[in-house]
Amino acid sequence: GTGKSTLAINMGAMAAYLTGKKWPWKKAIAYDGKQYLSSLQQLPEYSTVILNEAGEDLFNRDWQKKTSKAISRSQQNDRVYRKIKLFIVPYASMIDVNIIRTAHYRMHCSTLGSRRLVEVWEGMPAPMFQKHDKPYYKQIFRGYAFSKLPDSMYKEYLHLDIGKKEDMNAKYRKQIQA
């Protein structure tokens, strides 16, 4: 893809480097809300927790579901865990607006030929005259070529990722057949 997961894992590794703490990246990558909430609680302070394919449990049309409500509510008080929280989705509009409102930054990854580009946008409060409470974002960084994962880590991540996504696709096939 465009490197969203790679960038998130690199950010987690960098945060671990800066804090001098080991980052258990396999435990930090969640593919569902329950696993994400458990990781928030169990991982050491200042760890990065990644909800990969966040649109699964935080889909904007499923905001009434228990998992979406739980994560939305946890955003209000889980700062006590002191974690860096990353939600990975192809498009931010795929997830519930209540989750988007709590985001401090948005990152957009794309590829231009073989070069990877990342743009970082900082969330600003909604202006008083704006009809809806959605924050707006101001670009603060644009850069090329963020690091690829080391080969051994990439192979392990790919194995994990493919297995989880195959489980998700099996769930979709069952929904269609029902």
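Residues numbered from 1 in each chain as written. Predicted model: local features only at pLDDT ≥ 70, side-chain atom pairs only at ≥ 80, totals over all residues. Heavy atoms only, no water.

Things to note about the sheet that holds strand E5 (residues 115-124)
Backbone-to-backbone hydrogen bonds join strands into a sheet, with any given pair of strands oriented parallel or antiparallel. Applied cut-off: At least two bridges found by DSSP between two strands are what make those strands a pair. Elements are defined by DSSP. Helices are runs of H or I of four residues or more, strands are runs of E of two residues or more, and each kind is numbered from the N terminus. Fitted lines through C-alpha atoms serve as axes, helices being fitted only where they are in contact, and the angles separating the N-to-C directions of these axes extend from 0 to 180 degrees. Two residues qualify as a contact provided that any one of their heavy atoms is within 4.5 Å of a heavy atom in the partner residue.
The sheet built from three strands is open, its strands ordered E4-E5-E6 with antiparallel pairing. In this open sheet, the two strands that pair with only one neighbour each are strand E4 (105-112) and strand E6 (136-144). Put simply, the sheet's adjacent strands are angled 20° from each other on average, direction ignored. Together, E4 and E5 form the strand contacts of helix H1 (residues 4-19), whose direction differs from that of E4 by roughly 130°.

Some thoughts on a nonpolar patch on the surface
Formally: Patch definition: residues above 30% relative accessible area lacking any salt bridge, with like charges linked at up to 9 Å and the nonpolar side chains Val, Leu, Ile, Met, Phe, Trp and Tyr linked at up to 5 Å. Accessibility throughout is a Shrake-Rupley quantity obtained with a 1.4 Å probe, and a residue counts as covered only by protein chains that appear here. What makes a salt bridge here is a side-chain nitrogen of Lys or Arg within 4 Å of a carboxyl oxygen of Asp or Glu, nothing more. Note on exposure labels: buried denotes an accessible area under 20% of the residue type's maximum, exposed denotes more than 50%, and partly exposed covers the range between, all computed with a 1.4 Å probe on protein chains only.
A contiguous nonpolar patch, built from Met14, Tyr17 and Leu18 and spanning about 400 Å² of accessible area, is present on the exposed surface. By the secondary structure assignment, Leu18 is in helix H1. We classify Leu18 as exposed; its relative accessible area is 66%.

Description of the side chain of Ser47
The topology assignment puts Ser47 in the loop between helix H3 (33-42) and strand E2 (48-51). Look past the residues within four positions of Ser47 in its chain and what remains in contact with it is Trp23, Arg82, Lys83 and Ile84.

Observations concerning the environment of Ala8
Here Ala8 is to be found in helix H1. Look at Ala8 and you get buried, because its relative accessible area is 4%. Distance from Ala8 to Leu37, taken between C-alpha atoms, is 18 Å for residues 29 residues apart in sequence. Other than its neighbours up to four places away in sequence, Ala8 contacts Ile50, Leu86 and Ile88.

Overview of the layout of surface pockets
To locate leftover empty space, one rolls a probe as large as a water molecule over the atoms. Note the following rule: Every definition here rests on a 1 Å grid over the protein atoms only: cavities are sets of points where a 1.4 Å probe fits but cannot get out, pockets are open sets enclosed by protein on both sides within 12 Å along at least five of seven lines, and lining residues have some atom within 4 Å of a point. Grid points are joined across faces, edges and corners, and a volume is the space filled by probe spheres set on the points.
Roughly 1,100 Å³ of internal volume is contained in the largest pocket. In this structure, the largest pocket is lined by 32 residues; those nearest its centre are Phe87, Ala103, Tyr105, Arg106 and Met107. Among the elements of the structure, H1, strand E3 (84-87), helix H5 (97-100) and E4 are those that each provide at least two residues to the lining of the largest pocket. In terms of residue count, the dominant contributor to the lining of the largest pocket is E4 (five residues). In this structure, the second largest pocket encloses a volume near 380 Å³. Gly1, Gly3, Thr6, Tyr154 and Tyr157 are, among the 18 residues lining the second largest pocket, the residues nearest its centre. For the lining of the second largest pocket, the secondary-structure elements that each account for two or more residues are H1 and helix H6 (151-177).

Comments concerning the nonpolar core
Selection rule: Residues enter a nonpolar core if they are buried and are Ala, Val, Leu, Ile, Met, Phe, Trp, Tyr or Cys, with the set joined through side-chain atoms within 4.5 Å.
One finds Ile9 and Ile50 to be the most contacted residues of the largest nonpolar core, which totals 29 residues. Those elements giving two or more residues to this core turn out to be H1, helix H2 (25-28), strand E1 (29-30), H3, E2, H5 and H6. Discounting chain neighbours no more than four positions away, the residues touching Ile50 are Ala8, Ile9, Trp23, Ala28, Ile29, Ala30, Leu86 and Ile88. Core analysis: the next-biggest nonpolar cluster, separate from the first, contains five residues, Leu7, Cys109, Val120 and Phe146 among them.

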